[in-house]
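Now for the letters of each chain:
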Amino acid sequence: QVQLVESGGGLVQPGGSLRLSCAASGRTFSNYGMGWFRRAPGKEREFVAAITWSGGSTYYADSVKGRFTISRDNAKNTVYLQMNSLKPEDTAVYYCAATTNLVPSSAYRYEYWGQGTQVTVSS
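Explain the nonpolar core to me, please; I cannot follow it from the model alone.
The nonpolar side chains of a soluble globular protein tend to be buried, and buried together. Counting residues in each nonpolar core, the largest one holds 36 residues, and the members touching the most others are L4, M34, W36, L81, M83 and Y94. Elements with a contribution of two residues or more to this core: β1 (2-7), β3 (18-26), β4 (33-39), β5 (46-51), β7 (68-73), β8 (78-83), β9 (92-99) and β11 (117-121). Other than its neighbours up to four places away in sequence, L81 contacts L18, R19, L20, W36, V48, A49, F68, T69, I70 and Y94.

The following block contains the structure:
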């Protein structure tokens, strides 16, 4: 089992920045590829970003490319999502997820999920 706990969400103005964190506990964190997904009100869950177990490769949805950066610190069992130039359409609950078989945007491949953290972008 892997437990995932997200933090860092909140209310931010358009153009602002937030950094989300996802702390993992349980099995060896470095065995897992990690992803961030989000669900906006009334919409389906969508892929945001993913990173391989080593951090050597990263993947992004087109909607966030150039604005968001995923990273990980295996010594701290934590994955991050730095979000810059936030837009109102980024408003959603953000979830981190872990997988032993990374197919970045395929949610069903992720075995473990956090509870989510709310991000609201509004003036």
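What exactly am I supposed to notice about the state of the cysteines here?
By definition, a disulfide links the sulfur atoms of two cysteines through a covalent bond. Summed over the entire model, instances satisfying the criterion amount to 1 disulfide. One disulfide bridge connects C22 with C96, the sulfur atoms lying 1.9 Å from each other. Judged by the sign of its S-S torsion, about 50°, the cystine formed by C22 and C96 is right-handed. In this pair, C22 is assigned in strand β3 and C96 in strand β9, connecting sequence segments 74 residues apart. By relative accessible area, C96 is classed as buried at 0%.

Conventions adopted
- Residues numbered from 1 in each chain as written.
- Predicted model: local features only at pLDDT ≥ 70, side-chain atom pairs only at ≥ 80, totals over all residues.
- Heavy atoms only, no water.
- Core = buried A, V, L, I, M, F, W, Y, C linked by side-chain atoms within 4.5 Å.
- Buried < 20%, exposed > 50% of the residue type's maximum accessible area, 1.4 Å probe, protein only.
- Helix = DSSP H or I, 4+ residues; strand = E, 2+ residues; numbered from the N terminus.
- Contact = heavy atoms within 4.5 Å.
- Disulfide = S-S within 2.5 Å.

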